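Each chain is listed here by its residues.
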Amino acid sequence: PAMRVTREALQSLQVAKVFENHTGNADINTVTFSFDGSRLVTSGDDDTINIYDCASGTHRRTLYSKKYGCSLVRCTHADNAILHASTRENDTIRYLSIHDNKYLRYFPGHKKKVTALCMSPVNDMFLSGSLDETLRVWDLRSTNCQGVLHAHGAVVAAFDPQAMVFAAGIGTGSIKLYDARQYEKGPFDTFRIPPFSRAPLSGLTFSDDGKHLVVGAKDGSVVVLDAFSGDKKFDKPAVDKVAALDGSGADFTPGGEYVCNCATTQLTIWDVQGAAAAVLSARESVIGLVRFNPRYMMAASAHKALALWVPTLDPES
């Protein structure tokens, strides 16, 4: 039976498995789930990409990107292909076949480090943001950039659940909302982010219901906003937090009713009003980021090792 995302279920989450497939004491810089929740993919500073099966909780494959490095790995809608940013040689985005570890396509254009990579939840459109102060719009089927938006600041970005709207977080202070079909007309709304950190923005994520945004800063602080008005719901400062690796360390639970952030050896979960729901301790010494499976009651946290969290609560209860 399906398990509802409740306080009791979240409080029962425990580390079920720990994987140490990234070697040489390397940081895991990205954790991402496929859209159907069946696969989990990580990239690391050891220039490897690791793929895991969520149903069996097993490691399936290691891919190597020694020449270009890898970060911001993203699942696409194809079961056998992923997208990732480069960490050396240049700032080209790469489309990789996981079937034979060969590149299917390259997406050149950014002149500085790519800081955001976001796949549309419904089609082959994707966004990339960079320290070159541009947000680029792409289609997986073409190496040509579909559009460039000049941001006047470092950019992070996210699609809403229907991919009708995308949000761009600029520098430290504003979020611009664009119609994904008419982005060239400019933002249809802009709101200032209430002060919550002096650090630059590191990531933003829409909740599954599209009602809220969680915005992260590089020091680990987070703020949750109403996605329609920009009003602050709550913010939480960084507490003994390692530097956020892939965007913010925070994520929404499936359904969007709760948000989770990590601080050193703990996961802390709040409801979207800011009330504490659970504080969970990890086995590994440090957690740099956390992601929730979009379809199943499973979370993944990572820093040097990857930990999978599952509930101990009986679904029938």
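Residues numbered from 1 in each chain as written. Predicted model: local features only at pLDDT ≥ 70, side-chain atom pairs only at ≥ 80, totals over all residues. Heavy atoms only, no water.

Caption draft 1: Region of the structure containing the sheet that holds strand 24 (residues 266-271). In space, the four strands of this open sheet follow the order 22-23-24-25, with antiparallel pairing throughout. Each of the sheet's edge strands pairs with one partner strand only, and the pair in question is strand 22 (251-252) and strand 25 (276-281). (Pairing = 2+ DSSP bridges. Helix = DSSP H or I, 4+ residues; strand = E, 2+ residues; numbered from the N terminus.)

Caption draft 2: Spatial organisation of the layout of surface pockets. Looking at the largest pocket, its volume works out to about 1000 Å³. Among the elements of the structure, strand 2 (28-33), strand 6 (71-75), strand 10 (114-119), strand 14 (155-159), strand 18 (201-206), strand 22 and strand 26 (289-292) are those that each provide at least two residues to the lining of the largest pocket. The residue makeup of the lining of the largest pocket, split by class, is 22 nonpolar, eleven polar and seven charged. (1 Å grid on protein atoms, 1.4 Å probe; cavity = no way out; pocket = protein on both sides within 12 Å on 5 of 7 lines; lining within 4 Å. Points joined across faces, edges and corners; volume = space filled by probe spheres on them. Nonpolar A, V, L, I, M, F, W, Y, C, P; charged D, E, K, R; others polar.)

Caption draft 3: Local environment of the state of the cysteines. Taken as a whole and judged by the stated rule, the model has zero disulfides. Here Cys-70 stays free of any disulfide, with the sulfur of Cys-75 as its closest cysteine sulfur at 14 Å. A disulfide-free cysteine, Cys-75 has its sulfur positioned 9.0 Å from the sulfur of Cys-54, the nearest such atom. Given a relative accessible area of 4%, Cys-75 falls into the buried group. (Disulfide = S-S within 2.5 Å. Buried < 20%, exposed > 50% of the residue type's maximum accessible area, 1.4 Å probe, protein only.)

Caption draft 4: Molecular detail of the packing of aromatic side chains. Considering all chains together, one arrives at ten aromatic pairs under this definition. Ring geometry for Phe-126 against Trp-138: centres 6.0 Å apart, planes inclined by 10 degrees, an arrangement best described as stacked. In this pair, Phe-126 is assigned in strand 11 (residues 125-130) and Trp-138 in strand 12 (residues 134-139), connecting sequence segments twelve residues apart. Of the two residues examined, Phe-126 and Trp-138, each falls in the buried class. An aromatic cluster of at least three residues, connected via ring pairs, comprises Phe-159, Phe-166, Tyr-178 and Tyr-183. One residue, Arg-94, lies across the ring of Tyr-68, its end atom 3.4 Å from the ring centre. Over the ring of Tyr-103 we find Arg-94; its NZ or CZ atom is 6.0 Å from the centre of that ring. (Phe/Tyr/Trp six-rings, centres within 6.5 Å; stacked < 30°, edge-to-face > 60°. Lys NZ or Arg CZ within 6 Å of the ring centre and 35° of its normal.)

Caption draft 5: Seen up close, the pattern of salt bridges. Applying the stated criterion across every chain yields a total of eight salt bridges. A salt bridge links Arg-39 to Asp-79, with the nearest nitrogen and oxygen atoms 3.9 Å apart. Of the two residues, Arg-39 sits in strand 3 (residues 39-44) while Asp-79 sits in the loop between strand 6 and strand 7 (81-85), which places them 40 residues apart along the sequence. Of the charged contacts in the structure, one is a salt bridge between Arg-141 and Asp-139, with a shortest N-O distance of 2.7 Å. The exposure class assigned to Asp-139 is buried, which follows from its relative accessible area of 16%. (Salt bridge = Lys/Arg side-chain N within 4 Å of Asp/Glu carboxyl O.)

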